[in-house]
Amino acid sequence: MSVGEAVPERARIVIIGGGILGCSLAYHLTLMGETDVVLLEQHRLTEGATWHAAGLVGQLRSSRNTTRMLEHSVELYGRLEAETGQAVDWHQVGSLRLACSPDRVLELKRLATMAKSFGLPMDIISPERAQELFPLMSTDDVLAAAFLPTDGYIDPASVTQAIAKGARSRNARILEETRVDTITVDGRRVTKVHTDRGDIECEIVVNAAGMWGLEVGRMAGVRVPAFAVEHQYVITGPIENMPKGMPTMRDPDHLVYYKPDGQGLLIGGYEPDTLAFAEDGIPSPFKRQLLEPNHDRFEQLAALAVKRTPVIEHAGIRTLINGPIPYSADADFVMGKAPELDNFYCATGFLYGIAAGGGAGKMMAEWIVEGRPSLDLWSLDVRRFAFHHTTRHYMYPRAVELYGHHYKLAAPGSEHLSSRGVRRSPLHAALQANGAVFGSRGGWERPNWFAPDGVEAVDRPSFTEPNWFPHVAAEHRAVRERVGLVDQTSFAKFEISGPGALAAVQWLSVADMDKSVGTVTYTQLCNERGGIECDLTMTRTAEDSWYVVTGSAFGAHDMGWIRANSPNDGSVVLRDMTSARAVINLCGPSAREVLQAVCEDDVSNSDFKYSRAREITIGSAPVLALRIGYVGELGWELHIPTEYAAHVYESLRVAGAPYGISDVGYRAIDTMRMEKGYLYWSTDITPDVTPWEAGLAWRVNLDKGDFCGRSALVAQREQGIARRLCMFTLEAMAYPVSGEAILLDGRVVGFTTSANFGHTVGKPIAYGYLPSDVAHVSHFEIEVYGEAIPAVRHDAALYDPTNLRLKG
């Protein structure tokens, strides 16, 4: 057994944690040719949370790439027993999802069209057909169901042991009863892992510690928001004439899920009042342990379960399990390389680790061996988290809220309520007084829309028309027809400077960055495959300095990419300036008149052209003004030392009053950027997408010399572009969001990446990728909540395609 095996003095890769994720990573690393892999488990394999996991394996998620990752799990589980000779108890019996309200039916239809666009065989079926598949269920109040035949369930401990056996067969060393006590860090690298049985020098460390992820991260000085919450399920007594081959079933309106378990059922759920586990630290030892069952808390789920499956009243409850399950600050996985260090990776915080285990191990192995996974997994990347996500004040209350909302309906535009108000603009109070309804992004409170006098300043999300729709339309028209003010303080902002800065930004960017001081350049930063890693603006503020502006949630990601691909010899310095400057976007056809009224400098078109930046004075404030924007109108981003922000805002409000100036929120920004053809990184463009495919060829300068990704872009252009991002209008009223299937002659040819309503064009707008061989076709259909809506593809921006208003 591996318990007695000696701890090696060194290893290339050390994995901390012997649950399904750690074992899967060891399996896939050795499959990719790694020969020096050591896995450390403080107890025995699976004895953290894996052993008491429910074992459901579902594939469909809101992200296409997360879904594809989970499909890899299903593929692995289907062949693992034949490969290793060890039984895994895999039952590919499919999964049912019930809908018991009209809104839930809409959600189900959205999931079905998303599954269709992702290539998964999900069908909407009748309650009666659902009952045929799961005879123990009652059809009371069930309106519809969805069935996905390739889902199933598996025994968590068995599959983990089989994966570990596969890893061992390729010489991975799995050391049980070996506790990691400390980690030595030198500069930006982990150099040694210290265990209770000896020390290991290493090149790479992976935190796959599950609910210990937070604590293992702290050993290396890395902030990892991975911890645990309590989760309960029951196992019933034997059920007479228990049907064989039943699928798993989820009844989200009743907050419960089901899995066949021998002659009975395993029934769990997501109640609204769970508890965070071990906020002050996990007790040691915590080995194959459960928590005290909370019958009172589970009673609410039991009552709902009896309604759906009355048979359990007769079968009785054999046992109630209460165990801690891994969780994260946003209820999604924590994967990838930590931004604080160059050789410390995370694969932790997996709520549904059994479903993800096989695929996530494969993606993490690619991340370590090849530098990135074959799928863009930004939504799971540890770099999405900011400092506040890793604090007790934030992560535990947010986790409890997210847990309780796991099965609750979340219409598009829904916002979380817990752990709010962490990061606020200096304009927050003024905007709140003006009716701002705030959303949260990257911890920032940002105005989503403004409620006029007499209108309740609260979100009412809907699968059709939400309550903010007419008010966002009014803000949209204000910018198109008059002038608007947008607080964009939440932008991530940083400076690249130093004697090596020019060479660095030239290497990083597809655009030519050697422009005159004061030039604002919109550019993409590509990886070596030509995929778009960053989408941002760089303003040259001196011969050796650039001011970079990117999205609120992308600062750590973009700074990390730039740092990792720049010289580390001190010739390039990165300095975060997000907190130093507030940002106000003044935009609309009257923006120049308003700005000139409070500005000591000439802002005429002849003196201040588009894509230029200047230091100006507004009132008594020094301001860096960038003539650029994201709405497609004449406008300026005004970057203001934080303490002057309120003064500038008040001055602009007074000067703008005669022009009908309005406060404008982020929901209106999105409607305007859709009309203008502007793209959003992480949805429309990702590391999987090249500038050629995204219609950004106009930003690429192949003549400037070599840059990261140039060879791949040249090769792709010569070989031909296989897909293209296209813009569509829907020719009937509908409410697309993203992930909808794009149909041509009834067959799926693509999927949408963004969607919103264009209040100037008067139609819903969607972006989506099409194969190049059909990208010239004009008429398609886009399936929205199961209904095929006629759609027209457009060759140019729907608003101001020649940029006359933007550059006027």
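Structure: above.
These numbers come from a predicted model, not from an experiment.

Asker: What is the right way to read the sheet that holds strand 20 (residues 436-441) from this model?
Answerer: In a beta sheet, neighbouring strands pair by backbone hydrogen bonds and run either parallel or antiparallel. Strands sit in the order 19-21-20 across an open sheet of three strands; the sheet is mixed. Every other strand in the sheet has two partners, leaving strand 19 (423-424) and strand 20 as the edge strands with one partner each. Sheet topology note: the strand 20/strand 21 (residues 444-450) ladder contains six bridges and is antiparallel. The residue bridging Ala436 from the neighbouring strand is Phe450, located in strand 21.

Asker: Would you mind going over the nonpolar core with me for this structure?
Answerer: Proteins that are soluble and globular tend to have nonpolar side chains buried together. If you look at the biggest cluster of nonpolar residues, it comprises 136 residues, and the most contacted ones within it are Ile15, Met69, Leu265, Met335 and Phe344. Among the elements that line this core, the one with the most residues is helix 9 (residues 353-370), at nine residues. With residues near it in sequence (within four places) discarded, Leu265 still touches Phe134, Leu136, Val234, Ile235, Thr236, Ile239, Met242, Met246, Tyr258, Lys259, Pro260 and Ile312. Among the nonpolar cores identified, the runner-up in size contains 32 residues, and Val598, Cys599, Leu634 and Ile661 belong to it.

Asker: Any chance you could explain the layout of surface pockets here in plain terms?
Answerer: A water-sized probe rolled over the atoms picks out the places where empty space is left. Counted as a void, the second largest pocket has a volume near 820 Å³. If you trace the second largest pocket, you find 35 residues lining it, with Lys337, Gly560, Trp561, Ala564 and Asn565 closest to the centre. Going through the elements one at a time, helix 14 (555-564) and strand 27 (573-576) are the ones with two or more residues in the lining of the second largest pocket. Considering each element in turn, the lining of the second largest pocket owes the most residues, five residues, to helix 14. A class-by-class count of the residues in the lining of the second largest pocket yields 17 nonpolar, seven polar and eleven charged.

Asker: What exactly am I supposed to notice about the sheet that holds strand 27 here?
Answerer: Strand order in this open sheet of five strands is 24-25-26-23-27, and the pairing throughout is antiparallel. Single-partner strands in this sheet number two, and they are strand 24 (520-526) and strand 27. Each strand of the sheet is rotated relative to its neighbour by a mean of 30°, with strand direction disregarded. Here strand 23 (residues 492-497) pairs with strand 27 via four bridges, running antiparallel.

Asker: Just to check I follow, could you spell out helix 12 (residues 469-481) for this structure?
Answerer: Within an α-helix, residues lying three or four positions from one another point in the same direction, as the helix has 3.6 residues per turn. Compared with the 18 Å implied by 1.5 Å per residue over 13 residues, the 18 Å span of helix 12 between its first and last C-alpha is a close match. Every buried residue belonging to helix 12 is among Phe469, His471, Val472, Ala473, Glu475, His476, Ala478, Val479 and Arg480, and all of these are buried.

Asker: When you look at the environment of Thr139 in this model, what are you seeing that I'm missing?
Answerer: Along the polypeptide, Thr139 turns up in the loop between helix 4 (127-133) and strand 6 (144-148). It is 54 Å that separates the C-alpha atoms of Thr139 and Lys493, two residues lying 354 residues apart in sequence. Those residues in contact with Thr139, other than ones at most four positions away along the chain, are Pro127, Gln131 and Arg308.

Asker: Looking at this model, I keep getting lost on the state of the cysteines. Mind explaining?
Answerer: Disulfide: a covalent bond connecting the sulfur atoms of a pair of cysteines. As enumerated under the stated definition, the model contains zero disulfides in all. In this structure Cys526 is a free cysteine whose sulfur lies 7.6 Å from that of Cys708, the closest cysteine sulfur available. Cysteine Cys726 remains unbridged, with the sulfur of Cys526 as its closest cysteine sulfur at 19 Å.

Asker: Sorry, what's going on with helix 10 (residues 392-404) here?
Answerer: Relative to the 18 Å expected for 13 residues at 1.5 Å per residue, helix 10 spans 18 Å between its end C-alpha atoms, a close match to the ideal helical length. The elements touched by buried residues of helix 10 are helix 6 (213-219), strand 12 (226-236), strand 15 (264-269) and strand 16 (317-328).

Asker: Mind showing me how you'd approach the packing of helix 12 against helix 17 (residues 666-676) here?
Answerer: Between helix 12 and helix 17, the least distance of the axes is 8 Å, while the angle of their chain directions is 60°. By the angle between their axes, helix 12 is oblique relative to helix 17. The chirality of how helix 12 crosses helix 17 is right-handed. For the pair helix 12 and helix 17, the contacting residues are Val472, Glu475, His476, Val479 and Arg480 in the first and Arg667, Ala668, Thr671, Met672 and Glu675 in the second. In terms of residue class, the contact of helix 12 with helix 17 is made up of four nonpolar, two polar and four charged.

Asker: Sorry if this is basic, but what is going on with empty space enclosed by the protein here?
Answerer: Taken as a whole, this structure holds one cavity of 30 Å³ or more when the rule is applied. As for the largest cavity, its lining consists of His388, Tyr394, Ser419, Arg420, Gly421, Val422, Ser440, Gly443 and Glu445.

Asker: I keep staring at the pattern of salt bridges and nothing clicks. Help me out?
Answerer: Side-chain pairs of opposite charge can arise whenever the charged atoms involved come near each other. Taken as a whole and assessed by the stated rule, the structure comprises 46 salt bridges. One salt bridge in this structure joins Glu83 and Arg79, with 2.7 Å as the shortest N-O distance. In this pair, Glu83 and Arg79 are both assigned in helix 2 (residues 64-84), four residues apart and thus about one turn of the helix distant. Take Arg79: its relative accessible area is 28%, and that puts it in the partly exposed class. For Glu528, the salt bridge identified is with Arg372, shortest N-O distance 2.7 Å. Linking Glu528 in the loop between strand 24 and strand 25 (532-542) with Arg372 in the loop between helix 9 and helix 10, this pair joins segments that are 156 residues apart in sequence. For Glu528, a relative accessible area of 46% gives the class partly exposed.

Asker: Please explain the packing of helix 2 against helix 5 (residues 156-169) as it appears in this structure.
Answerer: When two helices pack together, their arrangement is given by the angle between their axes and by how far apart the axes lie. Across the interface, helix 2 lies against helix 5 with an axial gap of 10 Å and an inter-helix angle of 60°. Judged on the interaxial angle alone, helix 5 and helix 2 are oblique. In the packing of helix 2 onto helix 5, the handedness of the crossing is left-handed. For the pair helix 2 and helix 5, the contacting residues are Leu76, Tyr77, Leu80 and Thr84 in the first and Val159, Ala162, Ile163, Lys165 and Gly166 in the second. Considering only residue class, the contact of helix 2 with helix 5 consists of six nonpolar, two polar and one charged.

Asker: Which parts of the structure should I look at to understand the packing of aromatic side chains?
Answerer: The geometry of two aromatic rings is summed up by the distance between their centres and the angle between their planes. For the coordinates displayed, the defined rule picks out 20 aromatic pairs. Seen in terms of ring centroids, Phe554 and Trp681 are 5.0 Å apart; in terms of plane orientation they differ by 75°. Their pairing is edge-to-face. Remark: Trp681 occurs in the loop between helix 17 and helix 18 (710-719) and Phe554 occurs in the loop between strand 26 (545-550) and helix 14; sequence separation between them is 127 residues. You'll find Phe554 and Trp681 in the same group, each marked buried. Here a set of aromatic residues connected by ring pairs shows up, and it is made of Tyr257, Tyr270, Tyr327, Tyr403 and Tyr407. Between the NZ or CZ atom of Arg581 and the centre of the ring of Tyr547, over which it lies, the distance is 4.7 Å. Taking NZ or CZ as reference, Arg723 lies 5.2 Å from the ring centre of Tyr769, over its face.

Parameters and conventions
- Residues numbered from 1 in each chain as written.
- Predicted model: local features only at pLDDT ≥ 70, side-chain atom pairs only at ≥ 80, totals over all residues.
- Heavy atoms only, no water.
- Pairing = 2+ DSSP bridges.
- Helix = DSSP H or I, 4+ residues; strand = E, 2+ residues; numbered from the N terminus.
- Core = buried A, V, L, I, M, F, W, Y, C linked by side-chain atoms within 4.5 Å.
- Buried < 20%, exposed > 50% of the residue type's maximum accessible area, 1.4 Å probe, protein only.
- Contact = heavy atoms within 4.5 Å.
- 1 Å grid on protein atoms, 1.4 Å probe; cavity = no way out; pocket = protein on both sides within 12 Å on 5 of 7 lines; lining within 4 Å.
- Points joined across faces, edges and corners; volume = space filled by probe spheres on them.
- Nonpolar A, V, L, I, M, F, W, Y, C, P; charged D, E, K, R; others polar.
- Axes fitted to C-alpha atoms, helices over the stretch in contact; angles between N-to-C directions.
- Expected span 1.5 Å × (residues − 1).
- Disulfide = S-S within 2.5 Å.
- Parallel < 35°, antiparallel > 145°, perpendicular 65-115°, else oblique.
- Left-handed = near helix turned anticlockwise from the far one by under 90°.
- Salt bridge = Lys/Arg side-chain N within 4 Å of Asp/Glu carboxyl O.
- Phe/Tyr/Trp six-rings, centres within 6.5 Å; stacked < 30°, edge-to-face > 60°.
- Lys NZ or Arg CZ within 6 Å of the ring centre and 35° of its normal.

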